[in-house]
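Structural features, examined
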Amino acid sequence: MDRARPSALPKPPMLVVMGCGLGAAVRPANDRVASERGSPARSLANAEASVVPPRMRTRMTEAASCTGTRWLSIVGIGEDGIEGLSPVAQKLVASAELVVGGKRHIGLAKTLIRGRTLAWPSPIGDALPEIEKHRGRPVVVLASGDPFHYGVGDLLLRSIPAAETLCLPNASAFSLAAARLGWSLQDVALVSLHGRALEGIVRHLQPGARILALSWDGETPAKLATFLAERGMGSSELTVLEA
């Protein structure tokens, strides 16, 4: 018996990109099949149709090799250095012509780095022209934890389209602090005092509030304690976490 034919030709696959060399071919499911009610062909068609909303069939494609399209890799690195990097991140660092980052980050990854290194200048934006000179060639920017959470990711994407980048984040300082303290991130105020005035924390101050704040330097905790005491909050409990 002939199998039922779809009432319309299926649309061509659409590639949903999830990273350099990774993606999924997604095709809207055409579940309606022209057939006789109760026929074997209809039963077979129903068995093959997608039943998971949205009505789409998804097939993972085979991994493809990276091209020059996503030439800039932004890799989050922690204090555990290269041991905390995924195999993909390690390969990107090792194959990069240029590796950019803070001196500490470059030092953490020095056993992997084969290309040239560039430590962030001051201001760090001055490094962007040198990074852009390598457009189309493999470049890695090393950043603390999650590059797009109070990190360098935003600065980079002001000049370089997201379609040309690949980000491999690591655990952020906020996630590590919350895990150490046993706090749920959704119940915590996240604040960065790095390069910012202490007054930025005021709107989060209330009885029983839990706040995670990134320090600017080693003096920030003491300055914050004085700031709170001057506002009648001297009984607040402060915990200082260091790498």
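Please refer to the structure higher up on the page.
Residues numbered from 1 in each chain as written. Predicted model: local features only at pLDDT ≥ 70, side-chain atom pairs only at ≥ 80, totals over all residues. Heavy atoms only, no water.

1. A look at helix H6 (residues 173-181)
For H6, the full list of buried residues reads Phe174, Ala177 and Ala178. Each buried residue of H6 sits inside an arc of 100° when the element is viewed along its axis, so together they form one side. Opposite the buried face of H6, by more than 90 degrees, sit the exposed residues Leu176, Ala179 and Arg180. Residues of H6 that are buried make contact with strand E9 (189-192) and strand E10 (211-214). Once H6 ends, the next one or two residues include Gly182, with phi positive near 75°. (Buried < 20%, exposed > 50% of the residue type's maximum accessible area, 1.4 Å probe, protein only. Helix = DSSP H or I, 4+ residues; strand = E, 2+ residues; numbered from the N terminus. Arc of directions from axis to C-beta. Contact = heavy atoms within 4.5 Å.)

2. Observations concerning the side chain of Ser172
Tracing the sequence through the fold places Ser172 in the loop between strand E8 (165-168) and H6. Each residue touching Ser172, except ones within four places of it in the same chain, is listed here: Gly145, Asp146 and His149.

3. Here we look at the packing of aromatic side chains
For the structure on display, the rule yields one aromatic pair. Positioned over the ring face of Phe227 is Arg231, at 3.6 Å from the centre of the ring. (Phe/Tyr/Trp six-rings, centres within 6.5 Å; stacked < 30°, edge-to-face > 60°. Lys NZ or Arg CZ within 6 Å of the ring centre and 35° of its normal.)

4. Observations regarding the nonpolar core
If you look at the biggest cluster of nonpolar residues, it comprises 16 residues, and the most contacted ones within it are Val75, Leu85, Val93, Val99, Ile113, Val140 and Leu142. Contributing elements (two or more residues each) for this core: strand E4 (72-77), helix H2 (87-95) and strand E7 (139-144). A per-element tally of this core places H2 first, with four residues. Among all residues touching Ile113, those that are not within four sequence positions of it are Val93, Val99 and Ile106. Ile74, Leu98, Leu156 and Ile160 belong to the second-largest nonpolar core, a separate cluster that totals 14 residues. (Core = buried A, V, L, I, M, F, W, Y, C linked by side-chain atoms within 4.5 Å.)

5. Points about the pattern of salt bridges
Scanning the entire structure with this criterion turns up nine salt bridges. Measuring nitrogen to oxygen at the nearest pair gives 2.6 Å for the salt bridge that ties Arg116 to Glu130. Here Glu130 lies in helix H4 (residues 128-132) and Arg116 lies in strand E6 (residues 116-119), a separation of 14 residues in the sequence. Using a relative accessible area of 21% as the deciding quantity, one classes Glu130 as partly exposed. Residue Glu164 is joined to Arg135 by a salt bridge in which the shortest nitrogen-to-oxygen separation is 2.9 Å. Of this pair, Glu164 sits in the loop between helix H5 (153-157) and E8 while Arg135 sits in the loop between H4 and E7, placing them 29 residues apart in sequence. One network of salt bridges, in which partners are shared, links Arg116, Glu130 and Lys133. (Salt bridge = Lys/Arg side-chain N within 4 Å of Asp/Glu carboxyl O.)

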